[in-house]
Number of protein chains: 2
Amino acid sequence: MLSQAITEELENIVGNGNVQTSQASRLVYSYDATPNFQALPDAVVAPRSTEEVAEVVKVCNREKIPIVPRGSGTNLCAGTVPTEGGIVLLFKHMNKILEIDEDNLTVTVQPGVITLDMIEAVEKKQLFYPPDPSSMKISTIGGNINENSGGLRGLKYGVTRDYVLALEAVLPNGDIIRTGGKLAKDVAGYDLTRLLVGAEGTLGVITEATLKLVPMPETKQTMLALFSDMEAAARSVSSIIANRIIPVTLEFLDQPTLKAVEDFAEIGLPTDAEAVLLIEQDGAKEVVERDIQRIAEICLNEGALSAEVASSKEEALELTAARRAALSALARLRPTTILEDATVPRSEVANMVRAINEIAKEYNVTICTFGHAGDGNLHPTCLTDVRDEEEMHRVEEAFAAIFAKALELGGTITGEHGVGMMKAPYLEWKLGEEGIALMRAIKQAIDPNHIMNPAKLFAKETRKRVVVSQ
Amino acid sequence: MLSQAITEELENIVGNGNVQTSQASRLVYSYDATPNFQALPDAVVAPRSTEEVAEVVKVCNREKIPIVPRGSGTNLCAGTVPTEGGIVLLFKHMNKILEIDEDNLTVTVQPGVITLDMIEAVEKKQLFYPPDPSSMKISTIGGNINENSGGLRGLKYGVTRDYVLALEAVLPNGDIIRTGGKLAKDVAGYDLTRLLVGAEGTLGVITEATLKLVPMPETKQTMLALFSDMEAAARSVSSIIANRIIPVTLEFLDQPTLKAVEDFAEIGLPTDAEAVLLIEQDGAKEVVERDIQRIAEICLNEGALSAEVASSKEEALELTAARRAALSALARLRPTTILEDATVPRSEVANMVRAINEIAKEYNVTICTFGHAGDGNLHPTCLTDVRDEEEMHRVEEAFAAIFAKALELGGTITGEHGVGMMKAPYLEWKLGEEGIALMRAIKQAIDPNHIMNPAKLFAKETRKRVVVSQ
């Protein structure tokens, strides 16, 4: 717990109502969207300005009090669970869209802005912010930046990192820095902007961001291709790219996911298909029509049972909404849903899905798989029950085997969810001892007191590497 | 000079012929493309593999010998001048294209590959690597990555940083790390890839890179718009973007540059126009035709004297070749050419060009301006003579005023050339004391002996800030 003196010092900075220490409010911020992680913070602090953030950080640095910056807590890596106590930093007062600059195609926001609110605000001006994490209705831009969020449109448009032009941030020593600018080109020094993006709040507190926008695509079409086997779906993905078409969305759902989604959404999805690709293309009308037609042909050539273009905007929206509901749909089936994001090069998607199914069988656990096939970013999702210790142990072993397999195929342990607490024990598998040592050196140099989101990214102990059976 | 023992130790690592210490070979690598900087290295070392690089780095780290990694030395920021002595590291043996992966749309290269060779190799497979620094016929990919090179296509496609998916690098302690992968999404830890990109060789030696490719655009069109005043050209740039068109190239040339280019290239450019925009669009045929027609209308609406589309591929190539020859053309006019790259938000291009002209008048120096108007990346180019000390002093003062003005307009001191020795004294103007302190902390953590390209990025002394007269 914070001492009375520190609590008062923080209250003097952020104002009386903005430091909460009650059991109830601490409980609210003791967990995030990640199952099976919980820890109480000592206080919940909601600053009103960058200057207040800097003052709060200075106090915490002096007193070695952990700081956990938190948006809406939608992350899936236990990235905002205050496992070391300290304060949770909320951005509910720093939630303004500061500027939409139509000349330079940028939007400048405070970290607490809800992603979808910003997307809708820029779309009113016919501008487009592509990163679309599944949580975007609730997630904040600050959270997206700290986690370098991905989404369904990553294949064509990239991820959050690719849209951050400038940041204002408070460093652990209380310094306020400004990086980048409304500039397509800027090589003045180290890329501090991208060092902060995806650092999961371990290097500083982001207090403002300028994001790149692009012109709103003229039109969009959506189609659904059904397959009687997963291999044909994977071949279609490869063949689309080999034909030099980059769709905006190229989503894969396996049969169990499909069934759960249909049970949930009831929009008449054919639940007997073994695999489904949900494909979207956007851009100029002529190009979209040509691409979608060509994609349908490719899918049929590769053995699709059918490849149907949505006949109306409503039908298209229904399809994408159904895909976005995949996690919610699966979450209804068992008490606990663990959504992972092992990611592989696109060419290895079929191998990875096959391996996931074999691993699920080997460890006798239920894993449904869906995800962004176009960028190799799969979401093997385990339906389980945290109360069953024995099963949870098998789940953990199965995921360790999945991570090892992803790495073996040239992939990574996390494509878009982040490392947090959840995957910290596996990070060394990806980066090697040398990579972890480099990260530690950077962390130590910037945050010598380890106040910024401690216990995230850096594991106390690396997990023993699983040998994947072939 | 290196001791006999060290020279032999290095020879044992890289082989006999690959350590050069003769006066002649040291002289060859004593300068780069930047005027007015020269210093002899102690030796020139050409390793044959990553392992040899690591061994060389270990020796240098032990002995505190500076290492200057060097591609073709085409940089314009004195980024590869061995001002602190030590060894120049050449990549002439590490110059292979290792793989073009058509499934994952990547190319994997060693650092010594010539940029244009790689571009031509991937274009044979109908794939496209967009970054096109003006030096690409000579520059190496390793150099491009270290400098985060830009080019003419940055507006639509971004810069080198946006295409680096994975790196292998040797850290100052001799550790070999591998970052990223053939992955569109990867959030496993800090973005070490982008920390190394643009670090100008101050954090480690890049020994291999995997780069992202995109499908080759179907077609391209080129047009030239002539203006009787610069304001109309700048208004056209803004208006094109405001109409939600992002051309691949949107280049600006002022009248003196235009005249020099025509004198050099003799292709019949109209040298009486006050300003010229060279505009290209690529993509699907229908879209390109529509965009180019719309752009021509916009330019005429904004007061262009003419807006003509190149009638043939040959004419288009002639126009872009003429633009690419701008520096060579200007370089013929006076003994010394200093090419800068002050960069501003796109909306400030007219203000910046006007300010450059006023500053040139104030300091009585000759500055021609051309550059990438679409991304605000201007190249004010001073025609001068390094032998005239008094004039060189005025040139320096003028550039200081230009940098100050760029920053005042929300810009940066360098859009694509890098900081090197040349702009190190100005870097604090952009990043503030706090930003420099952060960069120093990172540098110190990774390279405590300061062996990697010392005296670059970090100035011994920050220049006094110029107050720009309004």
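- The name given to chain A in an unreviewed UniProt entry is Glycolate oxidase subunit, and the organism recorded there is Shouchella clausii.
- Taken directly from UniProt, the Cofactor (unreviewed entry) text for chain A runs: "FAD".

### Re the overall build of chain A
Moving on, step 1. Broken down by element type, chain A carries 15 helices and 18 strands.
Moving on, step 2. Relative to the 2.2 N^0.38 estimate, which gives 23 Å for 470 residues, the radius of gyration of chain A is 22 Å and therefore close to what a compact globule would have.
Moving on, step 3. The principal-axis extent of the C-alpha atoms belonging to chain A is close to 70 × 55 × 40 Å.
Moving on, step 4. Counting the 470 residues in chain A, one finds 64% classified as buried.
Moving on, step 5. In chain A, of all internal contacts separated by at least 6 residues, the share reaching a separation of at least 24 is 73%.
Moving on, step 6. Surface exposure of chain A reaches about 16,700 Å², of which carbon and sulfur atoms provide 48%.
Moving on, step 7. In chain A, which carries 46 positive and 67 negative side-chain charges, the distance between the mean positions of the two groups comes to 2 Å.

### Structural notes on the UniProt feature "domain: FAD-binding PCMH-type" (unreviewed entry) in chain A
Moving on, step 1. Those places that UniProt annotates as "domain: FAD-binding PCMH-type" (unreviewed entry) correspond, in this numbering, to residues 37–216 of chain A.
Moving on, step 2. In the segment residues 37–216 of chain A, helix accounts for 22% and strand for 24%; the C-alpha atoms at its two ends are 40 Å apart.

### A short note on the interface of chain A and chain B
Moving on, step 1. Residue-level contacts link 79 residues of chain A with 79 residues of chain B.
Moving on, step 2. Summed over both sides, the interface of chain A with chain B buries roughly 6,400 Å², with 60% coming from carbon and sulfur.
Moving on, step 3. It is Lys185(A), Tyr190(A) and Arg244(A) in chain A that bury the most area against chain B; as a group they hold 16% of the surface buried on that side.
Moving on, step 4. If you look at where chain A meets chain B, you find 14 salt bridges.
Moving on, step 5. Glu416(B) is the salt-bridge partner of Lys185(A), the closest N and O atoms lying 3.1 Å from each other.
Moving on, step 6. At the boundary of chain A and chain B, one finds 35 residue pairs in polar contact (both at pLDDT 80 or more).

### A look at the relation of the copies chain A and chain B
Moving on, step 1. Rotating chain A by 180° about the axis while translating it 0.0 Å along that axis superimposes it on chain B, leaving an RMSD of 0.0 Å. Overall, the copies show the geometry of a two-fold rotation axis.

### Examining the pairing of strand β9 (residues 176–180) of chain B
All names here are of chain B.
Moving on, step 1. Across five bridges, the pairing between strand β8 (residues 164–170) and β9 is antiparallel. Residue pairing for β9: Leu-167 is matched across the bridge by Thr-179.
Moving on, step 2. Between the antiparallel neighbours β8 and β9 lie five residues, among them Gly-174 with a positive phi of about 95°.

### Points about the state of the cysteines
Moving on, step 1. Taken as a whole, this structure holds zero disulfides over all chains when the rule is applied.
Moving on, step 2. Note on Cys77(A): no disulfide assigned, nearest cysteine sulfur contributed by Cys382(A) at a separation of 18 Å.

### Section: the side chain of Glu391(B)
Residues and elements named next belong to chain B.
Moving on, step 1. Among the secondary structure elements, Glu-391 is positioned in helix α14 (residues 389–408).
Moving on, step 2. Using a relative accessible area of 10% as the deciding quantity, one classes Glu-391 as buried.
Moving on, step 3. If we skip the residues at most four places from it in the chain, Glu-391 touches Arg-334, Leu-383, Thr-384 and Asp-385.

### What about the nonpolar core?
Moving on, step 1. Tyr190(A), Leu211(A), Tyr190(B) and Leu211(B) are the most contacted members of the largest nonpolar core, which totals 212 residues.
Moving on, step 2. Setting aside anything within four residues of it in sequence, one finds Leu211(A) in contact with Leu105(A), Thr106(A), Val107(A), Val109(A), Met118(A), Tyr129(A), Ile141(A), Ile145(A), Tyr163(A), Val164(A) and Leu165(A).

### Focus: the sheet that holds strand β18 (residues 377–384) of chain A
Residues and elements named next belong to chain A.
Moving on, step 1. Taken in spatial order, the seven strands line up as β15-β12-β14-β13-β17-β18-β16 in an open sheet, and their pairing is antiparallel. Looking at which strands have only one partner, the edges of the open sheet turn out to be β15 (306–309) and β16 (336–339). Taking each pair of neighbouring strands and ignoring which way they run, the sheet shows an average axis angle of 20°.
Moving on, step 2. As judged from the four bridges shared by β16 and β18, these two strands associate in the antiparallel manner. Among the inter-strand pairings, Thr-336 is bridged to a residue of β18, identified as Thr-384.
Moving on, step 3. Seen against the sheet, helix α8 (residues 230–242) touches β12 (219–227), β13 (249–254) and β14 (275–283) and runs at an angle of roughly 20° to β14.
Moving on, step 4. Strand contacts of helix α13 (residues 349–363): β13, β17 (366–372) and β18, with the helix running at about 15° to β18, the strand carrying the most contacts.

### Some points on the domain arrangement of chain A
One frequent convention defines the size of an interface as the accessible area lost when the parts assemble.
All names here are of chain A.
Moving on, step 1. Each assigned domain of chain A is listed with its residue range as follows: domain 1 (4–90), domain 2 (97–215), domain 3 (219–329) and domain 4 (334–417).
Moving on, step 2. One C-alpha centre belongs to domain 1, the other to domain 4; they are set 32 Å apart.
Moving on, step 3. With four residues of domain 1 at the interface, the matching set in domain 4 holds seven residues.
Moving on, step 4. Of the roughly 410 Å² buried at the junction of domain 1 and domain 4 (both faces included), carbon and sulfur atoms supply 68%.
Moving on, step 5. Sorting the residues of domain 1 by area buried against domain 4 places Pro-35, Asn-36 and Leu-76 first, and these three jointly supply 87% of that buried surface.
Moving on, step 6. If you look at where domain 1 meets domain 4, you find zero salt bridges.
Moving on, step 7. Counting the contacts that link domain 1 with domain 4 gives zero residue pairs in polar contact (both at pLDDT 80 or more).

Reading guide: rules and limits
- Residues numbered from 1 in each chain as written.
- Chains lettered and ligands numbered in written order.
- Predicted model: local features only at pLDDT ≥ 70, side-chain atom pairs only at ≥ 80, totals over all residues.
- Heavy atoms only, no water.
- UniProt positions renumbered as here; feature names shortened; annotations may be inferred.
- Helix = DSSP H or I, 4+ residues; strand = E, 2+ residues; numbered from the N terminus.
- Rg over C-alpha atoms; globule rule 2.2 N^0.38 Å.
- Buried < 20%, exposed > 50% of the residue type's maximum accessible area, 1.4 Å probe, protein only.
- Contact = heavy atoms within 4.5 Å.
- Areas by Shrake-Rupley, 256 points an atom, 1.4 Å probe, with all protein chains shown as cover.
- Lys, Arg positive; Asp, Glu negative; His and termini not counted.
- Charge placed at Lys NZ, Arg CZ, Asp CG, Glu CD.
- Buried area = accessible area lost by both parts, 1.4 Å probe.
- Salt bridge = Lys/Arg side-chain N within 4 Å of Asp/Glu carboxyl O.
- Polar contact = N/O pair within 3.5 Å; in protein donor to acceptor, adjacent residues only side chain to side chain.
- Least-squares fit on C-alpha atoms with pLDDT ≥ 70 in both.
- Pairing = 2+ DSSP bridges.
- Disulfide = S-S within 2.5 Å.
- Core = buried A, V, L, I, M, F, W, Y, C linked by side-chain atoms within 4.5 Å.
- Axes fitted to C-alpha atoms, helices over the stretch in contact; angles between N-to-C directions.
- Domains from an automatic or database assignment.

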